[in-house]
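# Report on the structure
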Amino acid sequence: MDKEQIPDEVSLSRRNEMESVWDISRRYWYPLNECKRSDLIAFNADYIEDDKIKHECILTILNEHGVDQIYEFLETGQSYRIQISDLHPFYGYYDAIGGEGYWCSDKMDWIIYASHEGTITFGGDWLVSKLKSVWIDWRNHVDWDSKN
């Protein structure tokens, strides 16, 4: 896995932009805390983590949307720029580090958040719509979600 650590000043600027765009005002985000945005969906993490096809689907959807590089903001304070192929939007996938994570692109037109409570949130009209269209059983896996 190739990760490019982002310098602190760039990381702070990009993270502040992400928090502003996505209404992230507390340490934990949707669905653990309220968010004014309506273009969100929060799945039970096991719905995605236990299914390699769903993970591949996420990568394909982002790739088809022209995403090739991603910002990764970890709970530990570390920030990276990664390739789409290195995206693993799951709580604690990086066992040596552990914790929650946010993933987004330069455009800030989508976001993924993996929480400590077993949720994975996706944001962005285009991304949420696409996931709902390809995962036909999605309604059965949004126990924490109050927007869908």
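For the structure itself, look to the data block above.
Each chain carries its own residue numbering, running from 1 in the written order of its sequence. The predicted nature of this model means local features are confined to residues of pLDDT at least 70 and side-chain atom pairs, given and counted, to a pLDDT of 80 or more, with totals for whole chains, interfaces and linings taken over all residues. Working from all heavy atoms in the structure, the side-chain values ignore hydrogens and water.

## Some points on the pairing of strand β6 (residues 111-114)
Rules: Burial status follows relative accessibility: with a 1.4 Å probe on protein chains alone, a residue under 20% of its type maximum counts as buried, one over 50% as exposed, and anything between as partly exposed. What counts as a helix is a DSSP run of H or I of at least four residues, what counts as a strand is a run of E of at least two, and both are numbered from the N terminus. By the convention used here, strands pair only if DSSP detects at least 2 bridges between them.
Because side chains alternate across β6, one face comprises the buried residues Ile111 and Tyr113, and the other comprises Ile112 and Ala114, equally buried. Note that strand β5 (residues 101-104) and β6 share four bridges and pair antiparallel. Its bridge partner being in β6, Cys104 is matched across the sheet by Ile111. Where β5 folds back onto β6 in an antiparallel hairpin, the turn is made up of six residues, including Met108, whose phi is positive at roughly 60°. The sheet contact formed by β6 and strand β7 (residues 119-123) spans four bridges and is antiparallel. Within β7, the residue paired with Ile111 across the bridge is Gly123.

## Brief notes about the pairing of β7
For β7, the tally of buried residues reaches five of five residues, placing the bulk of the element in the interior. In β7, alternate side chains face the same way, and those of Thr119, Thr121 and Gly123 on one face and Ile120 and Phe122 on the other are all buried. Examined bridge by bridge, strand β2 (residues 40-44) and β7 share five bridges and lie antiparallel to one another. Residue pairing in the sheet places Phe43 in a bridge with Ile120 of β7. Count of turn residues in the β6/β7 antiparallel hairpin: four residues, of which Gly118 carries a positive phi of about 85°.

## Focus on a negative patch on the surface
The condition that has to hold: Surface patches are drawn from residues lacking salt bridges whose relative accessible area is over 30%; two like charges belong together within 9 Å, two nonpolar side chains (Val, Leu, Ile, Met, Phe, Trp, Tyr) within 5 Å. Every accessible area reported is derived by Shrake-Rupley at a probe size of 1.4 Å, with residue values counting cover from the shown protein chains alone. What counts as a salt bridge is simple: a side-chain nitrogen of Lys or Arg found within 4 Å of a carboxyl oxygen of Asp or Glu. Under this rule, positive means Lys or Arg and negative means Asp or Glu; His and the chain ends count for nothing. In plain terms, the charge of a residue is placed at NZ if it is Lys, CZ if Arg, CG if Asp and CD if Glu.
A cluster of like negative charges, contributed by Asp46, Glu49, Asp50 and Asp143, occupies part of the molecular surface. Tracing the backbone through its elements, the reader meets Asp143 in the segment after α4 (125-134). The class for Asp143 is exposed, based on a relative accessible area of 63%.

Spatial relationships are all this shows, so hold off on functional conclusions.
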